[in-house]
Amino acid sequence: AAERERTVVQDYLLEARAALMVGDTTIAVLRARQALARAPRDEAAREVLCVAPFNAWLHGPLTPDPALRTACADAAPFSPVARRALGVLAWRAGDDEMAKDAWRGLSLQPGPERDAAAAALIMSGEPVAPLDDAGLTRSADVLLLARALRGDRRAEARLRARLPAAELARQAENLERLFAR
């Protein structure tokens, strides 16, 4: 019976992650809640309850959302993506130090959130250390974009070689909008 229950929870999480990947917030949240009903402390389900609504929030007016901030705070102890999202939510709510603290920690850790956190620090006005060619080559697009938006011509050139102009313009507009004051 325990094995069957674990399988049901994993099925819910698989559906939640698939819905998250295609941008279906409603199904992602529904399946994560169904998983949590069977496994109340499941970390993957708690992460989806932060990330899915956060992704939808990014396409809205970017107004403070206390419920979303609570969901991300719940997942932040074990989820780097939730910590980064929590930093963005704090930034948008005017809590600059909490945001920067979250991003500083992530920017020092290896993993997929490192470059996004470093980009957030740059966009929040933190000083930028120069990168050598190898560093530019290794950097994720979001980090190159933040550096380019802050005047780094070498990062801009690398990014232009990676992305079509229309996609670069779309991403730049979204990043500037997220950090606008």
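See the structure above.
None of the values given here were measured: they were computed from a predicted structure. (Residues numbered from 1 in each chain as written. Predicted model: local features only at pLDDT ≥ 70, side-chain atom pairs only at ≥ 80, totals over all residues. Heavy atoms only, no water.)

## Thoughts on the layout of surface pockets
By rolling a water-sized probe across the atoms, one finds the places where empty space is left.
Thinking step 1. Here the largest pocket is characterised by a volume of approximately 710 Å³.
Thinking step 2. What lines the largest pocket is a set of 22 residues, and nearest its centre among them are Leu58, Arg84, Asn174, Leu175 and Leu178.
Thinking step 3. Of all elements in the fold, only helix H3 (43-58), helix H5 (80-92), helix H7 (114-123), helix H9 (141-149) and helix H11 (165-179) reach the threshold of two or more residues within the lining of the largest pocket.
Thinking step 4. Within the lining of the largest pocket, the residues separate by chemical class into 15 nonpolar, four polar and three charged.
Thinking step 5. Within this model, the second largest pocket holds a volume of roughly 360 Å³.
Thinking step 6. What lines the second largest pocket is a set of 17 residues, and nearest its centre among them are Asp115, Ala118, Leu131, Leu143 and Arg147.
Thinking step 7. Elements that contribute at least two residues to the lining of the second largest pocket include exactly H7, helix H8 (133-138) and H9. (1 Å grid on protein atoms, 1.4 Å probe; cavity = no way out; pocket = protein on both sides within 12 Å on 5 of 7 lines; lining within 4 Å. Points joined across faces, edges and corners; volume = space filled by probe spheres on them. Helix = DSSP H or I, 4+ residues; strand = E, 2+ residues; numbered from the N terminus. Nonpolar A, V, L, I, M, F, W, Y, C, P; charged D, E, K, R; others polar.)

## Points about the pattern of salt bridges
Close approach of charged atoms allows side chains with opposite charge to pair.
Thinking step 1. Here the structure, examined in full by the defined rule, presents 19 salt bridges.
Thinking step 2. Glutamate 15 is paired through a salt bridge with arginine 31; the nearest N and O atoms lie 2.5 Å apart. With glutamate 15 in helix H1 (residues 2-21) and arginine 31 in helix H2 (residues 25-38), this residue pair connects regions lying 16 residues apart in the sequence.
Thinking step 3. You can call arginine 31 buried: its relative accessible area is 18%.
Thinking step 4. Glutamate 47 is the partner of arginine 17 in a salt bridge, and the nearest nitrogen-oxygen pair spans 3.2 Å. Note that arginine 17 is positioned in helix H1 and glutamate 47 in helix H3, a separation of 30 residues in sequence.
Thinking step 5. For arginine 17, a relative accessible area of 34% corresponds to the partly exposed category.
Thinking step 6. Judged by relative accessible area, glutamate 47 falls into the buried class, the value being 16%. (Salt bridge = Lys/Arg side-chain N within 4 Å of Asp/Glu carboxyl O. Buried < 20%, exposed > 50% of the residue type's maximum accessible area, 1.4 Å probe, protein only.)

By themselves these figures say nothing about function.
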